[in-house]
Amino acid sequence: MTKENVSRRWFIGAGVLATAGMAIASKSALARSILASAKPNSKINGVQIGVITYSFRSMPGSIEQILKYCVDCNINQIELMGEAAEAYAGAPARDGSADYAAKIAQWRESTIMDPFFAIRKMFDDAGVGIYAWKPNALGAKNTDGEIDYAFNVAKVLGCSHVTVELPDDLQTQRLGDIAEKHNLMVGYHAHTQATPTLWDTALNQSEHNGINLDIGHYSAGTSTSPIDFIQKNHKRILSMHIKDRKFHDGPNMPWGEGDTPIKEVLALMKKEKYKFPATIELEYKIPDGSDAVKEVIKCRTYAKNALA
């Protein structure tokens, strides 16, 4: 994609921000009901509680439905997974074909930003900000054009960073270099392979590389508290997933039933006035008769009580 085409697409998208977003919202009964709701607020005693939209994966997942779940949970800041936003923008559906990777790459490299400006308008009007964007476009097999697309969308959505599973050292260098060009950050997520030094290489490669810490996975993988790691690395933590797991690679548990020191971590964030968000990630089994929205509300209440 040429620099001129990127600039043209960006200009077109910026020009339709006011009109396209308003038109889409006005045509949707669901969007109108969201706008009629009270604005959510999940900043509690100085600590920003958010949610990753992966938490709602068990429910219907259009972009408007996801927005409604966030408002219903009284969450005003989120980490947005890529699928719903890209579907809204007209991305080709995953079809299992051998050439799907080429098709989605071509779409990403040629798409304009208009639909993403509309998403930003829709979420802004409902009082929900998007601090992180997690598209499936940041891997070693993705083209530079796809990665540029991912950062461009993140800027349109108002994000401070993108998030991605921690790749190998070559890819963290590549992503750090591209992030610097876009003046955005990359938050690297780890599972139970996490150790106190796991992110060291990526952090040393680029000032635009950072940490998307998951305290549940960290606790399960190390069988220790993440408190010391947070205190040491808080300046490089961009966002932090909150869940409860048992030590020794144990299972996900309802909050308060595992070994992850959620209350202590939130108390530390409150005391030290850390600015990165604490992101609810619902991964434990949803009880019979409940649903993801009800369980995220329980998690938010747990966090609120911990921060009282």
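Here, every reference points to the structure presented above.
Residues numbered from 1 in each chain as written. Predicted model: local features only at pLDDT ≥ 70, side-chain atom pairs only at ≥ 80, totals over all residues. Heavy atoms only, no water.

Student: Teacher, can you tell me more about the overall build of the protein here?
Tutor: The helix and strand tally for the protein stands at 13 helices and 11 strands. Whereas a compact globule of 308 residues would reach a radius of gyration of roughly 19 Å, the protein reaches 19 Å, a difference of no more than 12%. Sorting the 308 residues of the protein into buried and exposed places 51% on the buried side. Taking the intrachain contacts of the protein between residues at least 6 apart in sequence as the baseline, contacts between residues at least 24 apart amount to 74%. For the protein, the exposed area adds up to about 13,600 Å²; of that, 53% sits on carbon and sulfur atoms. Charged side chains in the protein number 35 positive and 35 negative. The centres of these two groups are separated by 6 Å. (Helix = DSSP H or I, 4+ residues; strand = E, 2+ residues; numbered from the N terminus. Rg over C-alpha atoms; globule rule 2.2 N^0.38 Å. Buried < 20%, exposed > 50% of the residue type's maximum accessible area, 1.4 Å probe, protein only. Contact = heavy atoms within 4.5 Å. Areas by Shrake-Rupley, 256 points an atom, 1.4 Å probe, with all protein chains shown as cover. Lys, Arg positive; Asp, Glu negative; His and termini not counted. Charge placed at Lys NZ, Arg CZ, Asp CG, Glu CD.)

Student: Looking at this structure, how should I read the environment of Leu-175?
Tutor: Summarising the element assignment, Leu-175 is placed in helix α8 (residues 169-182). Residue Leu-175 is classed as buried on the basis of its relative accessible area of 0%. Through-space distance from the C-alpha of Leu-175 to that of Met-185 is 9.2 Å; in sequence the pair is 10 residues apart. Filtering out sequence-adjacent residues up to four positions away, Leu-175 remains in contact with Leu-138, Ile-147, Phe-151, Val-164, Val-186, Tyr-188 and Asn-209.

Student: Which parts of the structure should I look at to understand the packing of aromatic side chains?
Tutor: How two aromatic rings sit relative to each other is set out by the distance from centre to centre and by the angle between their planes. Throughout the structure, instances matching the rule amount to eight aromatic pairs. Taking 5.3 Å as the distance between ring centres and 45° as the angle between the ring planes, the aromatic pair formed by Phe-56 and Tyr-69 counts as tilted. In this pair, Phe-56 sits in the loop between β2 (47-52) and α3 (63-72) while Tyr-69 sits in helix α3, placing the two residues 13 residues apart along the sequence. Within the aromatic cluster, the residues linked to one another by ring pairs are Trp-107, Phe-116, Trp-133 and Tyr-149. When the ring centre of Tyr-54 is taken as reference, the NZ or CZ atom of Arg-57 above it lies at 4.0 Å. (Phe/Tyr/Trp six-rings, centres within 6.5 Å; stacked < 30°, edge-to-face > 60°. Lys NZ or Arg CZ within 6 Å of the ring centre and 35° of its normal.)

Student: What is the right way to read the environment of Thr-111 from this model?
Tutor: On the secondary structure map, Thr-111 appears in the loop between α5 (100-110) and α6 (114-126). Sequence spacing of Thr-111 and Ala-91 is 20 residues, and the spatial spacing of their C-alpha atoms is 8.8 Å.

Student: Sorry, what's going on with helix α12 (residues 262-272) here?
Tutor: Three or four residues apart is the spacing at which side chains of an α-helix point the same way, because the helix has 3.6 residues per turn. Every buried residue of α12 is accounted for by Ile-262, Val-265, Leu-266, Leu-268 and Met-269. One side of α12 carries all its buried residues, which in axial view fall inside an arc of 155°. (Arc of directions from axis to C-beta.)

Student: Explanation requested: the pattern of salt bridges in the structure shown.
Tutor: One side chain can pair with another of opposite charge once the charged atoms of both are near each other. All told, the structure shown has 14 salt bridges when counted by the stated rule. For Glu-86, the salt bridge is made with Arg-108, and the minimal N-O distance between the two is 3.1 Å. Placement of Glu-86 in helix α4 (residues 82-88) and of Arg-108 in helix α5 is noted, with a sequence separation of 22 residues between them. A salt bridge links Asp-125 to Lys-121; the nearest nitrogen and oxygen atoms lie 2.7 Å apart. Of this pair, Asp-125 and Lys-121 both sit in helix α6, separated by four residues, roughly a single helical turn. Owing to a relative accessible area of 29%, Asp-125 belongs among the partly exposed residues under this scheme. Within the structure, one salt-bridge network assembled from shared partners comprises Asp-214, Lys-243, Glu-281 and Glu-283. (Salt bridge = Lys/Arg side-chain N within 4 Å of Asp/Glu carboxyl O.)

Student: Explain the side chain of Asn-76 here, please?
Tutor: Examined against the element boundaries, Asn-76 turns out to sit in the loop between α3 and β3 (77-81). Judged by its relative accessible area of 12%, Asn-76 is buried. At a separation of 2.7 Å, a polar atom in the side chain of Asn-76 contacts the side chain of Ser-42. There is a polar contact of 2.9 Å between the side chain of Asn-76 and the side chain of Gln-48. Not counting residues up to four positions away in its chain, the partners in contact with Asn-76 are Pro-40, Asn-41, Ser-42, Lys-43, Gln-48, Ile-49, Gly-127, Val-128 and Gly-129. (Polar contact = N/O pair within 3.5 Å; in protein donor to acceptor, adjacent residues only side chain to side chain.)

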